[in-house]
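Commentary on secondary and tertiary structure
So you can see what is in the structure, the chains are spelled out below.
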Amino acid sequence: MTGKIYEDIDINKPVTEIDKEILDYWKNNNIINEALNTKRDLKKFVFLEGPPTANGRPHVGHLMTRTMKDTVMRYKFMDGYDILRRTGGWDCHGLPVELEAEKHFGFNSKKEIEDFGIQKFNEYCRESVFRYIDEWHEVDDLIGFWIDQNKSYITLKNDYIESEWWALKTLYESKMLVKDYKIVPYCPRCGTSLSSHEVAQGYKNVDDPSVYVKFRERGYENRFFIAWTTTPWTLPSNEFLVVNPDFDYSLISSQGEEYYLLSSMVDTLFKDYKIIKTFKGRDLDGIRYEQLMPFLHVPDNALRVVTGDFVTAEDGTGIVHAAPAFGADDFEIAKRENVSMVNPVSLDGKFVDDLPWKDMFFENANIPIIDYLKKNKILFKSQKIKHTYPFCYRCGTRLMYYPLDAWFIKVSEIRNLLMENNEKINWFPDYLKDGRFGNFLAEAKDWALSRDRYWGTPLPVWKCKNGHYVAVGSREELKALGGNVPEDLHRPFIDDVVLKCPQCSEPMHREPHVIDTWFDSGSAPYAALHYPFNKEFNSETSIPVDFITEAIDQTRGWFYTQHVISSLLFKKNAYKNVLSIAFILDEHGQKMSKSKGNFVTARQFIDDFGADPARLFFFSGAPWNSKSIDRKLIGDLTRKSLGTLGNIYSFFASNANLDNFVFEKLEKSENILDMWLLSRLNSTIKSVRINMDSFNMHIALKNIMDLIDDFSNFYLRLSRKNFWEGELSEDKKRSYETLYFTLLSIIKMLAPMAPFYSEYLYQKLSGEKKSVHFEDYPVADTSYINEDLEKTFKYAETVLELSRRARQDAGIKGRQTVKEILIYSDVNLPEDVLNIISPELNAESIRLINQKDRPVKVVMKPVYARVAPVLRSKTSEFSDFVLKNSEKIYREIMDKGYTEYNDLQFKKEDFEINEIPDENYSFASADKLGLNVFINRHIDEKLKLIGYAREIIRRIQIMRKDMNLEYSEFINTSIDCTGDIKEAVQEYSDYIKKETLSREIKFGSGDDYRVWDIDGGHIGIKIETIN
RNA sequence: GGGGUUGUAGCUUAGCUUGGUUGGAGCACCCGGCUGAUAACCGGGAGGUCACCGGUUCAAAUCCGGUCAGCCCCA
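Quick caveat, the model's predicted, so the values are computed rather than measured.

1. Considering empty space enclosed by the protein
Enumeration over the complete set of coordinates arrives at four cavities of 30 Å³ or more. Reported here for the largest cavity is a volume of approximately 90 Å³. Lining the largest cavity we find 14 residues, and of these Gly94, Leu95, Arg451, Ile515 and Thr517 sit closest to its centre. Elements that contribute at least two residues to the lining of the largest cavity include exactly helix H4 (95-105) and strand E24 (514-515). Taken together, the residues of the lining of the largest cavity break down into five nonpolar, four polar and five charged. In this structure, the second largest cavity spans a volume of roughly 50 Å³. Lining the second largest cavity we find Asp208, Thr230, Thr231, Trp233, Phe362, Glu363, Asn366, Tyr389 and Arg398.

Okay, here's the thing in structure tokens:
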């Protein structure tokens, strides 16, 4: 006995143990490092990591994006690319981090933070962003995310900030970064404005007041404009009423009062009324009205009706109340009309002195204001409305639209460029390109970049008292302008840097803002490489990167900001291919959230299922359709792919070791089953590659699993005997080679998706390279592909199915040999293919027959609706005639096209034609393929005895298996039986001996005999090993 | 209110681009079979108003219009 070449594996070994073993193997052999750092001078594939913030625990969704990234990179690596920028990245700044810090210290306002000290506050932020970094690293490790964390870019580093300064200076000098006074979405709790993509994250469905308010026309006691609003708290600041110049308005009278409103709304709001007059909106322009509440001082030229195109006829009354301080449209009106605005709300969201609702938080003032309107009889109607309204996406506070001094990037000016560059991006799924993303670009808003906060990249703009500004693009420039370069570029240190104005030499102080953290992450393409200070990045060649992927929420987040920044700075798109991934839902299909407590951490998920099963789960179904965690599905996927593969290996290993087979190379096999498997393999490789290349990894996985299924349940099932029987002939060698080669190819194909188990099997099977991940991805050898053969095998498989069905109908077990099976097929079924399935068909004779030789009887019936009107009283006579002479008439019609009866001609359509199988046969057909299978029902004495012999064999085999006997171990068998069965045992004892490795078969009886039921009778069997 | 997307068996889904046999799988369930690699496999059964309404067409799960519901995004 030589040693085992192919090591046995324990099929039931827990995946977690395998994971650990493989992780150790990778570490001990420096494999991960080698993969990350080997430069092979091949084609380049450039990746870019979307930076998470490590101040929260990684959850199962992160696991999914990481798996997608990893799988793509592994595939590209095996496919002969050097992967560039295979490094991590961490997003460090921003409101989320500050909020976390506020919570820690128990702060609730900016004043508290400033009293505490920005320096200490930021120190805490800096540490807290990496609170869970160890868990992230650990999870990356466990899931097999091969990425270089030692070279990760970190957005809080001075180098990173400096690159952004360069960008901001560039934008400032090209007048794309500007300071403006605008109405911006503003969180009064956080004390800062939000950009459009941040606002987009915080919409909620809410019930809000919907009030109709009466504004009295100046000079009339009882004449009112009815205006509509969902923000009663803005009513004290009303300065205009706005109508659409093109709409029709009516002045009506009802119950002693007169009202202006949109003509189309009159019936909705009034029952009894008279129309006094109708107007176009523009006719109302300039009409003065009385102030609604006499609290605030408004400019003299306010309080009049003006026109605006933004007024719609859908909501309200067609008359919009405008408070310029609290709405972008309103603000534009005030600007146009040259009227200053009235703002009674301070930066913390509270009303100021002049109002009865002093110190009240703005949204809390709605109810008392409605009460006030009611009391003063200027409320026409009040109800609730369900609509969506933006809230701060981090702290949940209702946003206000509020006038602020802020820095903007004029994104709206490059909309066309954004859209042109979008054309160069491959989106997966493709509908995002012109859908959600394209639409967003088409109406791109200016980017409100500045934040009045503490922990962020400082805005590098300084200003002197004469109103001169300078934007600083580097630490070097800071020095040149007379500033000290602090060791840390964050606040508060940077705030202390005073420059000398290049124009007037006055001292310059920094604009106090930090910038939107989305600018940080969106800058990753260049800032991660410290461009332009480090020449590793070259805007000509370094972007677009080849591939990025993140969850769907990043479509208007990171996907957008990168696209904008890249277009602004380099005029091109940031990435070529982008895969957008849907969310993972919990097992009930609910979105996961911390508050609901159904949040599954990455760690927990891996611990529960193991790395490869977790990864495979992410490839079940398209990644852009959300999926629920499904324990059963995961188990199933794993069993059918990895489990079956392990089992194939196990089969191969045990037999190859017995035969002393060692794979050297694949030589052409003449065995048709081998040829078929290699054809299947190569067609699969072809489609897998196509799908991997187009990021349809879920389809690639399905292709692979289909192959594994065919491999195991067809190839192996039908060729088992070949591997068991006989010596290691040349033919058998060819089959081993085929088996080995196919198995190895599948392992390689699966390696990017299931890197652990494939490594595990690879090391046992081949181990030629240090790791399966250093292998080349399989390339289809089309010379092996034989579509006809694959098709023929499909037919063969169907013949098997049909025979089983026909047996079942006839009540004949598969183990019972039948006299004959007749097969009719539209396509040619070669003999060698039939030979393969013949053991399973289990018949004395198997014959291919022609259509006309099929043992069927034609039974015809007249179609009465057609023949009766012609034949009249002869109809029933004809009917009998047809039934009796079906065969003859059928042949006649087939030959001539008609048959005659009583000098009348009848054609095919005059008959209902049925084929009934001969009663001696059981019949099954697959009409789509044109296949018929007939099984002779008649079981004669001889066949019956063979059947019994097989029943006995089967029982003995079960007993052998139960006793865990070696395949080659001989036994003695004793049987307790009578009658036919006894006769069968005597008649076929050689056959039984051979199949069960029985040295002898005795008849006997005893308590230690195992009792079996065969055909309703009991027989006993005992087997004993031979010492 | 607008845009996008999804809706197929109890559950997970293929098919829809390009209309054309009887809408195909898997899981679960029931019955049966096969098995000395496989908690694997195979046959049968039950389970479908292909969300709903309308249109185009000889013919619609598929194309068109509308409605409803879910999800995502925007105002």
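Continuing now.
2. Topic: the nonpolar core
Ranked by size, the top nonpolar core spans 128 residues in total, and within it Phe605 and Ile837 carry the most contacts. Broken down by element, the residue count for this core peaks at 13 residues, all from helix H24 (residues 697-724). With residues near it in sequence (within four places) discarded, Phe605 still touches Val60, Leu63, Val600, Gly610, Ala614, Phe617, Phe618, Ile629 and Ile634.

3. Topic: the UniProt feature "short sequence motif: 'HIGH' region" (unreviewed entry) in chain A
Those places that UniProt annotates as "short sequence motif: 'HIGH' region" (unreviewed entry) correspond, in this numbering, to residues 52-62. Annotated as 27% helix and 0% strand, the span residues 52-62 places its first and last C-alpha atoms 9 Å apart.

4. Side note on the pattern of salt bridges
Scanning the entire structure with this criterion turns up 70 salt bridges. For the salt bridge of Lys169 with Glu477, the shortest nitrogen-to-oxygen distance reads 2.8 Å. Taken together, the positions of Lys169 in helix H8 (residues 158-173) and Glu477 in helix H16 (residues 475-480) put the pair 308 residues apart, joining distant regions of the chain. Given the relative accessible area of 18%, Lys169 is considered buried. Residue classification places Glu477 among the partly exposed residues on the basis of a relative accessible area of 24%. Of the charged contacts in the structure, one is a salt bridge between Glu337 and Arg336, with a shortest N-O distance of 3.0 Å.

5. As for the packing of aromatic side chains
The geometry of an aromatic ring pair is captured by the separation of the ring centres together with the interplanar angle, meaning the angle of the planes. Here the structure, examined in full by the defined rule, presents 70 aromatic pairs. Note on Tyr153 and Tyr160: the rings are 5.9 Å apart at their centroids and 10° apart in plane angle, and the pair reads as stacked. Considered together, Tyr153 and Tyr160 belong to a single accessibility category, that of buried residues. Over the face of the ring belonging to Phe970 we find Arg999, whose NZ or CZ atom lies 4.2 Å from the ring centre.

Scoring rules and cut-offs
- Residues numbered from 1 in each chain as written.
- Chains lettered and ligands numbered in written order.
- Predicted model: local features only at pLDDT ≥ 70, side-chain atom pairs only at ≥ 80, totals over all residues.
- Heavy atoms only, no water.
- 1 Å grid on protein atoms, 1.4 Å probe; cavity = no way out; pocket = protein on both sides within 12 Å on 5 of 7 lines; lining within 4 Å.
- Points joined across faces, edges and corners; volume = space filled by probe spheres on them.
- Helix = DSSP H or I, 4+ residues; strand = E, 2+ residues; numbered from the N terminus.
- Nonpolar A, V, L, I, M, F, W, Y, C, P; charged D, E, K, R; others polar.
- Core = buried A, V, L, I, M, F, W, Y, C linked by side-chain atoms within 4.5 Å.
- Buried < 20%, exposed > 50% of the residue type's maximum accessible area, 1.4 Å probe, protein only.
- Contact = heavy atoms within 4.5 Å.
- UniProt positions renumbered as here; feature names shortened; annotations may be inferred.
- Salt bridge = Lys/Arg side-chain N within 4 Å of Asp/Glu carboxyl O.
- Phe/Tyr/Trp six-rings, centres within 6.5 Å; stacked < 30°, edge-to-face > 60°.
- Lys NZ or Arg CZ within 6 Å of the ring centre and 35° of its normal.

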